Amino acid sequence: MSPTDPPADQGFGTLFTFLPIGAYRSAPDGTMLHANPALVRLNGFATEADFLADVNRLADDWYMDPSRREDFRGLLSTGGQVKGLVSAVRQHSTGALRWVSENAHLVRDAQGQVLYYEGTVEDITDRVLAQEAVRTSEERLRLLTEQIPGVVFVMHVDRQAHRTFRFISAGVQELYGLSAEAVMREPGLLARHRHPDDAAMMDADIQASSQRPVAIHGEFRIVMPDGRVKWVHRRSKTVSEDETGFLRVGVLLDVTDRKNAELALRESEALWKLALDSAGDGVWDWNLATGEEYVSPRILAMYGYADGELAPTAAELDARTHPDDVAQMQADRQAHFEGRTPVYRNEHRVRCKDGHWQWVHSRGMVIARDESGRPLRMVGTHTDISELKAAEAQQRALEVQLRESQKMEAIGTLAGGVAHDFNNLLAAILGNLALAREDVGPDHIAQESLAEINRAAIRARQLVQQILAFSRRQTQELQRQPLLPLVEEALRLLRSLLPAAVQLNTRLGHAPLPVLADATQVQQVLINLCTNAWQAMGGKPGAITVALRVAQVDASQALQLGGVEAGAYACLSVADNGPGIDEATQRRIFEPFFTTKAPGSGTGLGLSVVHGIVKAHRGVIAVHSTPGEGARFDVYLPLASDAAAADAAPPTAGSVAAPAVAGRHIVYVDDYEALVFLAARLLRKHGYRVSTFTSGEEALAWLQTHDDAVDLLVTDQNMPGMSGVELAQAVRRTRPAQRVAIVSGYVTEQLVQQAQVAGVTDVLGKQDSMDALAEAVRQLLEG
């Protein structure tokens, strides 16, 4: 302190030394006289002397803006003081930028002359920078929120639920019709727009947010001055808490368009759900996010449930899906979820309330997905297709029956052709065998071997007869006769054939049941079925039940039985309590040579023969069996009307009188040379004169070029080239009175009619032996 300093200088050090902010005293010309330690440190100096020397030397370098010094002096000169002058200054020692707030006043003597001025300098750099950062942040927030639809806000809620907006974006103008500034001044403006029905909910949320940190989200309505109602979606959360309350940030979004669209959609959905329900299709609506699923009353009624009896969840409905259908249902859903199919379609069974399974056709489509494509909502319909499925199952069964029938027909045709040719071979073998046995005499050593050959050939012929019966090429004599006596006669034979351990039960009734039938073949059917049932028991005790009844077959049953005509039938049933038959075996059971017996235990023709005979009688056979529960075969034969008796009458031979057999001329025609040779030998042996030919063309040529009298022309029907009927027609053109007999291994009504048109009245089945042929020729010649 210098001697010239005023007396007050003595108190400067004590007063200013401990101030936390800078303090100084300067002469009227601006020379700084004193500076406290805080001001020295502010300018980066260690001592007051160093600082004063520097500041008084570079007085003009203090302010970043030189004009601020003039502002400072102007305030002092005009008002005698400076208050809160904020300026950017340079730190004297380093030149670094600092922000300061200055206060100063003039000190005058008694005469009013300025003695000095003194003041304070406060370093507010941190405060200024913080304020600048806040301003920058607020500007950025403003610019950002202007780009965001809706309203962004920062709100303080105190412990008494009073609200104060710290920030609200300009979007409040578009949503509420209020400026951001007005709302900042008076937060209660927004509450005046609340819809009365939502006010209580809003108050409860505000009260909750004043007591604890909470997240709030939901939708509410506001009413505009013109009466329009807007829907607002809000979402806010607590970001900080202090003793005064909670600071919250949030957004308000105008969702009026979406809510109106949802309302329109709900109204539309109600209409199409009602329309589909009325059309018979049940409607479902599945929320995949929550698992909830709405089903219409139509679906509930379809499954036998009343409203409220089923939980409204997809899991509840899926649990009622048939286990065999679940995997495909889920696969079809996943394909639609992943976009591989435009529409979900699936057919599955659903267990109804009463326990039965009902087929439904389910169709649907995803109508809402999230931003990642995950399905959120799916709607669709259920249609009852139980009747359609039953019809499809029946159609499949009929198609299987048709294929089986066609297969059996094809196999029968093949087997019949083979058996026919084989029968010709056997006829040659047996005929020549008979001649050989006569030629060698009864005492010849070869007789024993020839007898064995004869027995083997007879067994082969029986096998061929079974094949012909299966293929329906065996000659039949269909006569109108009661079925009951035929069955009773066959049962008497069966009682002696069946083992004692097998019980034979009957339920025949007393009705005669007239049918058009070949008695021998019908009895063979019953014997074959009972024998098959007995053999299926494998030597164990059991029971066979034979039943006879009248069955009225309607159109539906006729289709199920394989396409027979509807009407009255005699039903002959053979049931056993044996091991039963599985489905795979049932599909092949009537195939020739198919057998489940051990090798050598059966030919596999028993049921095939039954099938062929029944078909030839215009009937049908059905099998019913379950493994472990026995089997039942039902044979349906059409009941004969009175008019059928005339149709059943067999064709009679011609009544042309013939002279004595010896020396009569026979022309024999067959394409099989061995038979031709054998027939010639045997007929000559019986005293006939015989001319033989191996084709119809050869025989016709001879007859046209020779005038020899021919007592009887015997021709096979099935020959390469000219058939027997065609030969008869050609011969009768030149020999109108010529008597012709046609021989066939398969005599049908069609063949008889064709023969009658050709003038032939003698149509014979092919004989089992040459002796039988000679006898048939004799009977024809003797008339």
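Residues numbered from 1 in each chain as written. Predicted model: local features only at pLDDT ≥ 70, side-chain atom pairs only at ≥ 80, totals over all residues. Heavy atoms only, no water.

Participant: Got a minute to help me understand the pattern of salt bridges in this structure?
Facilitator: If the charged atoms of two oppositely charged side chains come close together, the side chains can form a pair. Inspection of the entire model under this criterion finds 31 salt bridges. Among the salt bridges present, the one from glutamate 219 reaches arginine 258, with a minimum N-O distance of 2.4 Å. Within this pair, whereas glutamate 219 is found in strand β8 (residues 215–223), its partner arginine 258 is found in helix α10 (residues 256–278), the two being separated by 39 residues in sequence. For glutamate 219, a relative accessible area of 25% translates into the label partly exposed. Taking the relative accessible area as the measure of exposure, arginine 258 reaches 36% and is therefore partly exposed. (Salt bridge = Lys/Arg side-chain N within 4 Å of Asp/Glu carboxyl O. Helix = DSSP H or I, 4+ residues; strand = E, 2+ residues; numbered from the N terminus. Buried < 20%, exposed > 50% of the residue type's maximum accessible area, 1.4 Å probe, protein only.)

Participant: Would you take a moment to explain the sheet that holds strand β20 (residues 567–576) for this structure?
Facilitator: The strands that make up a sheet pair up through hydrogen bonds in the backbone, lying either parallel or antiparallel. If you walk across this open sheet you meet the five strands as β17-β19-β20-β22-β21, and the pairing is mixed. Two strands lie at the open edges of the sheet, namely β17 (502–507) and β21 (620–625), each paired on one side alone. Between one strand and the next, the sheet's axes are offset by a mean angle of 20 degrees, whatever the strand orientation. Pairing of β21 with strand β22 (residues 631–638), which is carried by six bridges, proceeds in the antiparallel orientation. Paired with isoleucine 621 across the two strands is valine 635, which belongs to β22. (Pairing = 2+ DSSP bridges. Axes fitted to C-alpha atoms, helices over the stretch in contact; angles between N-to-C directions.)

Participant: Explain helix α9 (residues 199–209) to me, please; I cannot follow it from the model alone.
Facilitator: The periodicity of an α-helix, 3.6 residues per turn, causes residues three or four places apart in sequence to face the same way. Of the positions making up α9, those classed as buried are Met202, Ile206, Ala208 and Ser209. Viewed along the axis of α9, the buried residues span an arc of 160 degrees, placing them on a single side of the element. Close packing links the buried residues of α9 with β6 (151–158), β7 (163–168), β8, β9 (229–242) and β10 (245–254). (Arc of directions from axis to C-beta. Contact = heavy atoms within 4.5 Å.)

Participant: What exactly am I supposed to notice about the environment of leucine 425 here?
Facilitator: Positionally, leucine 425 belongs in helix α14 (residues 386–440). In this structure, the C-alpha to C-alpha distance between leucine 425 and tyrosine 672, residues 247 residues apart in sequence, is 8.8 Å.

Participant: Looking at this model, I keep getting lost on the sheet that holds strand β26 (residues 740–744). Mind explaining?
Facilitator: In spatial order, the strands read β24-β23-β25-β26-β27; together these five strands make up an open sheet with parallel pairing. Looking at which strands have only one partner, the edges of the open sheet turn out to be β24 (689–693) and β27 (762–765). Each strand axis lies, on average, 20 degrees off the axis of its neighbour in the sheet, ignoring direction. Bridge count for strand β23 (residues 665–669) against β24 is five bridges, and the pairing is parallel. Each residue of the ladder has a partner; that of tyrosine 668, found in β24, is threonine 692. Sheet strands touched by helix α22 (residues 673–685): β23 and β24. Its angle to β24, the strand with the most contacts, is close to 175 degrees.

Participant: Help me understand the nonpolar core, please; the structure alone is not making it clear to me.
Facilitator: The nonpolar side chains of a soluble globular protein tend to be buried with one another. Among the nonpolar cores identified, the biggest contains 41 residues, and Leu483, Val487, Leu526, Leu529, Ile544, Val546 and Phe633 are the most heavily contacted of them. For this core, the element with the most residues is helix α16 (residues 483–497), which contributes seven residues. Beyond its immediate sequence surroundings of up to four residues, valine 546 is in contact with Val487, Leu491, Leu504, Asn505, Thr506, Arg507, Leu508, Leu526, Cys530, Leu572, Ser573 and Val574. Membership of the second largest hydrophobic core comes to 23 residues, among which are Leu700, Met722, Ala728 and Ala755. (Core = buried A, V, L, I, M, F, W, Y, C linked by side-chain atoms within 4.5 Å.)

Participant: Would you take a moment to explain unusual backbone geometry for this structure?
Facilitator: Trans peptide bonds make up most of the peptide bonds, and negative phi angles are found at most residues other than glycine. Of note, alanine 161 is a non-glycine position whose phi angle comes to about 70 degrees, a positive value. In this structure, alanine 161 sits in the loop between β6 and β7.

Participant: Can you help me understand the packing of aromatic side chains in this one?
Facilitator: In this description, a pair of aromatic rings is defined by centroid distance and the angle of the planes. A complete count under the given rule lists eight aromatic pairs for this structure. Between the aromatic rings of phenylalanine 45 and phenylalanine 51, the centroid separation amounts to 5.9 Å while the plane-to-plane angle is 50 degrees, which identifies the pairing as tilted. With relative accessibility at 1%, the residue phenylalanine 51 sits in the buried group. Ring centres of tryptophan 62 and tyrosine 63 lie 6.4 Å apart, and the angle between their planes is 80 degrees; on these two criteria the pair is classed as edge-to-face. Positioned above the aromatic ring of tyrosine 116, the side-chain terminus of arginine 25 is 4.3 Å from the ring centre. One cation-aromatic arrangement involves lysine 389 over tryptophan 359; the distance from NZ or CZ to the ring centre is 4.5 Å. (Phe/Tyr/Trp six-rings, centres within 6.5 Å; stacked < 30°, edge-to-face > 60°. Lys NZ or Arg CZ within 6 Å of the ring centre and 35° of its normal.)

Participant: Just to check I follow, could you spell out the confidence of the model for the chain for this structure?
Facilitator: Low pLDDT marks stretches whose predicted atomic positions should not be read closely. Residues with a pLDDT of 70 or more make up 84% of the chain, whose mean pLDDT is 82. Considering only residues more than four positions removed or in separate chains, one finds that residues 1–11, a stretch of pLDDT under 50, has nine contacts. (pLDDT = per-residue confidence, 0-100.)

Participant: Teacher, can you tell me more about a nonpolar patch on the surface here?
Facilitator: A surface patch of nonpolar side chains, amounting to about 330 Å² of accessible area, comprises Phe422, Leu425, Ile429 and Ile453. Ranked by residues supplied to the nonpolar patch, first place goes to α14 with three residues. With respect to the secondary-structure elements, isoleucine 453 resides in helix α15 (residues 447–470). (Patch = residues over 30% accessible without salt bridge, like charges linked within 9 Å, V, L, I, M, F, W, Y side chains within 5 Å. Areas by Shrake-Rupley, 256 points an atom, 1.4 Å probe, with all protein chains shown as cover.)

Participant: When you look at the side chain of glutamate 118 in this model, what are you seeing that I'm missing?
Facilitator: Following the sequence through the fold, glutamate 118 ends up in strand β5 (residues 114–123). Apart from residues no more than four positions distant in its own chain, glutamate 118 is found in contact with Phe16, Tyr24, Arg25, Asn103, Ala104, His105 and Val107.

Participant: What should I look at first to understand helix α24 (residues 724–734) in this one?
Facilitator: For α24, every residue scored as buried is listed here: Gly724, Val725, Leu727, Ala728, Ala730 and Val731. In this fold, the buried residues of α24 make contact with β23, α23 (696–705), β25 (712–716), β26 and α25 (749–757).

Participant: What's the story with the packing of α16 against helix α17 (residues 519–536) in this structure? I'm lost.
Facilitator: To describe two helices that pack against each other, one gives the angle between their axes and the distance between the axes. At their nearest, the axes of α16 and α17 sit 9 Å apart, and the two run at 45 degrees to each other. By the criterion of interaxial angle, the relationship of α16 to α17 is oblique. For the pair α16 and α17, the crossing hand works out as right-handed. The residues of α17 that touch α16, namely those facing Leu483, Leu486, Val487, Glu489, Ala490, Leu491, Leu493 and Leu494, are Ala519, Val522, Gln523, Leu526, Ile527 and Cys530. Residues belonging to the contact of α16 with α17 are distributed by class as follows: 12 nonpolar, one polar and one charged. (Parallel < 35°, antiparallel > 145°, perpendicular 65-115°, else oblique. Left-handed = near helix turned anticlockwise from the far one by under 90°. Nonpolar A, V, L, I, M, F, W, Y, C, P; charged D, E, K, R; others polar.)

Participant: Explain the side chain of histidine 382 here, please?
Facilitator: Mapped onto the fold, histidine 382 is located in strand β15 (residues 375–384). Looking at histidine 382, its side chain comes within polar contact range of the side chain of serine 362, at 3.2 Å. (Polar contact = N/O pair within 3.5 Å; in protein donor to acceptor, adjacent residues only side chain to side chain.)

Participant: What's the story with the packing of α23 against α24 in this structure? I'm lost.
Facilitator: As a packed pair, α23 and α24 sit with axes 10 Å apart at the nearest point and diverge in direction by 5 degrees. As the angle between them shows, α23 and α24 are arranged roughly parallel. Contacts between α23 and α24 involve Gly696, Ala699, Leu700, Leu703 and Gln704 on the former and, on the latter, Leu727, Ala730, Val731 and Thr734. In the contact of α23 with α24, the residues fall into six nonpolar, three polar and no charged.

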